[in-house]
Amino acid sequence: MDTQPQTHDPYALAARLSGQHLIDGRMVPAVSGATFDILDPATGQIMGHAAKGDGTDVDVAMTAALRAQKDWARMPARKRGELVAACGRKLAENAEEIARLMALETGKALRTESRVEAGVLADVFVFYGGLGSELKGETVPFNPDMLTVTMREPIGVVGAIIPWNVPLMLMALKIAPAMVAGNTVIVKSAEEAPLTVLRAAEIINQVLPPGVMNLLSGFGPDCGGRLVAHPKVGKITFTGSVETGRIVTRTASDKLIPVTLELGGKSPMLIMADADLDRAVAGAVSGMRFTRQGQSCTASSRIYVHEDLHDAFVEKLTAAVDKMVMGDPLDEATDIGAIISPEQFTKVNRYIELGESIPGTRTHRLSRMPTDPRLKDGLFVQPVVFTDIPADCPPAREEIFGPVACVFRWTDYEEVLAAANNSEYGLAATVWTSNLHTALDATRRLDAGFVQVNQNLVVQANLSYGGNKSSGLGREASLEAMLEHFTQKKTIIFNMT
Ligand code: ADP
């Protein structure tokens, strides 16, 4: 059992965690001994390295997870929940250490993002920990002389594949319900962010029996792909790109195992003429996740503003974003950190250049590049607001996953609803109005899994979250998510006549 003391030095922590997996209760290197480098996005320096897992490591983790699952499933559900809640409390005690490592590893600012996410990680465990006794079945009216019941049983070993943008929260939303439901888990972390989740796993492992939670790092096809293809994995829960989601689903469907998918988004904000302007501006700043460099699938990146408010809205939005401080993610003064990787950096800049080159489009480049010489090779991108941009160009239609918002003006309600729904995605949407009729009508007609009026909150435990169309399959973050996605129902008939 690990009893490592808490450290607030993320560099020392990264060095200690480097090159390890968590399998069967122990920190171990990859069987091959191979590792890969992890970049500090704010400086461009290598901040640590991760174990490079492959199919052999998946096999070792699977053996441990299968063995642990038998006893874990036999434990009373409420007891499992108590243990998961205890993990939440331990994670909360260590939240600052986790947050600092996250800021270093992902470039997400400590004050505005990393600390918040470390808190959410703990909260999700505490939330699901309380739901052990909700794993109820039903009695079914069938034959009055017989007793017919359903039971909710675990699926077995769940493979959880997570991305780099909010890795702690997304890991928690997958594994906490899976484990309370009696499954054991194998997590495959993202290449860009393997160490922070490993530290969280190490803490969770202080509470849970060995083998209940296992964590591997490695490359997508070599490690994640092998996990999906493993003959013994019972279910895959995945968050990532649409393209990879399709690959994962193809493999899973060949094997006839269930998948839950959280994929991309291009979420609309509909601002009506009667909206509270300041609230809508604040909602656009938070909804666009400028503090996360826009690296969010829920980012409100298509902002439709009624003609009457358009110019005032743009003025206030650009002023608000311009005031934000971009810089060292570990500095308490920083609002906006760095983009995760050179690939994403290039992709985001390509979209910005493309938008800028479209005749008639106005580009507002906001905030200022950091001046600290230590950050000169960091992956910083100034937030951009495009106005008067055509709705059918790639920056306006495709998911950029960067700090780029497109603002459109509108006058016709039916047209703007159609425009908002005219997307391959359907993850989230917001409506800004003081008219109850408009709020009811628009929320009913928007094609998205999560719709909010006059606010733009982030995902929270107990709010069902997930998308329509190419944004995904299934829902996370709620009691139903645990029941529907991490259990299978058994019908039992007692004919004792
Ligand atoms: P992004 O473009 O945001 O990195 P990806 O979908 O590529 O999104 O990655 C999300 C997660 O999926 C990561 O953990 C990645 O390693 C994993 N992954 C990538 N390719 C595959 C694959 N072929 N099979 C399984 N997992 C994969």
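Residues numbered from 1 in each chain as written. Predicted model: local features only at pLDDT ≥ 70, side-chain atom pairs only at ≥ 80, totals over all residues. Heavy atoms only, no water.

With respect to the overall build of the protein chain
Our working rule: Strands here are runs of E lasting at least two residues and helices are runs of H or I lasting at least four, both read from the DSSP assignment and numbered beginning at the N terminus. As a reference, a globule follows 2.2 Å times the number of residues to the power 0.38, and the radius of gyration itself is taken over C-alpha atoms. Under the scheme applied here, a residue whose accessible area is under 20% of the maximum for its type counts as buried, over 50% as exposed, and between as partly exposed, the area being computed with a 1.4 Å probe on protein chains only. Working rule for contacts: check all heavy atoms of both residues, and any pair within 4.5 Å makes them a contact. Each accessible area value is a Shrake-Rupley result obtained with a 1.4 Å probe; residue values ignore everything except the protein chains displayed when judging cover. In this tally Asp and Glu are treated as negative and Lys and Arg as positive; neither His nor the chain ends contributes. A charge is said to be at NZ when it belongs to Lys, at CZ for Arg, at CG for Asp and at CD for Glu.
Counting its regular elements, the protein chain contains 16 helices and 21 strands. Taken over the C-alpha trace, the protein chain has a radius of gyration of 23 Å; the compact-globule value for 497 residues is 23 Å, and the two agree within 12%. Structurally, the protein chain occupies a C-alpha span of about 75 × 60 × 40 Å along its principal axes. Burial status across the protein chain gives 58% buried among its 497 residues. When contacts within the protein chain are restricted to residue pairs at least 6 apart in sequence, those whose partners lie at least 24 apart make up 74%. Roughly 19,500 Å² of accessible area belongs to the protein chain as shown, and the carbon and sulfur atoms make up 53% of that amount. In the protein chain, the 48 positive side-chain charges and the 58 negative ones have mean positions that sit 5 Å from each other.

Examining the side chain of Ser478
Tracing the backbone through its elements, the reader meets Ser478 in the loop between strand 20 (472–473) and helix 16 (479–486). Taking the relative accessible area as the measure of exposure, Ser478 reaches 1% and is therefore buried. In this structure, Ser478 is in contact with Phe127, Tyr128, Asn462, Leu463 and Ser464, ignoring residues within four places of it in sequence.

Details of the pattern of salt bridges
Close approach of charged atoms allows side chains with opposite charge to pair. For clarity, the cut-off: Any carboxyl oxygen of Asp or Glu that lies within 4 Å of a side-chain nitrogen of Lys or Arg is treated as forming a salt bridge with it.
For the structure shown, the criterion picks out 27 salt bridges. With a closest N to O distance of 3.9 Å, Glu96 and Arg100 form a salt bridge. Remark: Arg100 and Glu96 occur in helix 4 (residues 95–106); sequence separation between them is four residues, near one turn of the helix. Ionic pairing is found between Arg115 and Glu332, a salt bridge with its closest N-O pair at 2.7 Å. In this pair, Arg115 sits in helix 5 (residues 110–129) while Glu332 sits in the loop between helix 11 (307–322) and helix 12 (342–356), placing the two residues 217 residues apart along the sequence. Assessed through its relative accessible area of 38%, Glu332 is described here as partly exposed.

Focus on the packing of helix 3 (residues 77–93) against helix 7 (residues 195–205)
The test is simple: Axis lines are fitted to C-alpha atoms, over the contacting stretch for helices. Their N-to-C directions set the angle, which ranges from 0 to 180 degrees. Should an angle fall under 35 degrees it is called roughly parallel, over 145 degrees roughly antiparallel, and 65 to 115 degrees roughly perpendicular, with every other angle called oblique. Handedness of a crossing is defined here by the sense of rotation of the near helix relative to the far one, left-handed for an anticlockwise turn of less than a right angle and right-handed for a clockwise turn. Any residue that is not Ala, Val, Leu, Ile, Met, Phe, Trp, Tyr, Cys, Pro, Asp, Glu, Lys or Arg is counted as polar, Gly included; the first ten are nonpolar and the last four charged.
Contact geometry of helix 3 with helix 7 gives a least axis separation of 9 Å together with a crossing angle of 130 degrees. Between helix 3 and helix 7, the crossing angle belongs to the class labelled oblique. Seen from above, helix 3 lies across helix 7 with right-handed handedness. Residues Cys87, Lys90 and Leu91 of helix 3 form the contact with helix 7, whose participating residues are Ala200, Ile203 and Ile204. Here the contact of helix 3 with helix 7 is built from residues that sort into five nonpolar, no polar and one charged.

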